[in-house]
Amino acid sequence: MKSIKISLEMAQKVKEFVAITQESECEILLKSGKYVVDAKSILGIFSLDLSKPLIVEIYSDDCADLLASLAKFAA
């Protein structure tokens, strides 16, 4: 498992983030405090408090390309 801290303060960033995560076949979760949602679910993401940094957890050992793609959202 790999994890990174990101920020998704604008709706356009959420849309871009979901487009990237949906291309991946591995399981990706997004955490905000005690809440956990599927990172491929735009509705799930909008249910979180987006004013605070979020933790992305990627359940794959071969995810270097995905991490590089998500680097622009780093908090």
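Refer to the preceding data block for the structure.
Residues numbered from 1 in each chain as written. Predicted model: local features only at pLDDT ≥ 70, side-chain atom pairs only at ≥ 80, totals over all residues. Heavy atoms only, no water.

Novice: Would you mind going over the pattern of salt bridges in detail, with residue names and values included?
Specialist: In this structure the tally under the stated criterion is four salt bridges. Note that Lys-72 is salt-bridged to Glu-16, the shortest N-O span being 3.5 Å. Taken together, the residues Lys-72 in the segment after α3 (64–70) and Glu-16 in helix α1 (residues 11–22) connect sequence positions 56 residues apart. Since its relative accessible area comes to 54%, Lys-72 is described here as exposed. (Salt bridge = Lys/Arg side-chain N within 4 Å of Asp/Glu carboxyl O. Helix = DSSP H or I, 4+ residues; strand = E, 2+ residues; numbered from the N terminus. Buried < 20%, exposed > 50% of the residue type's maximum accessible area, 1.4 Å probe, protein only.)

Novice: Hey, could you go over the sheet that holds strand β3 (residues 35–38) for me, with residue numbers and the actual values?
Specialist: Taking strand neighbours across the sheet as the criterion, the four strands line up as β1-β4-β2-β3 in an open arrangement whose pairing is antiparallel. A single partner strand is all that each edge strand has here, and the edge strands are β1 (2–6) and β3. Taking each pair of neighbouring strands and ignoring which way they run, the sheet shows an average axis angle of 25°. In this sheet, strand β4 (residues 54–59) lies alongside strand β2 (residues 27–32) in antiparallel orientation, the contact comprising five bridges. Across the sheet, the residue bridging to Lys-31 is Ile-55, located in β4. (Pairing = 2+ DSSP bridges. Axes fitted to C-alpha atoms, helices over the stretch in contact; angles between N-to-C directions.)

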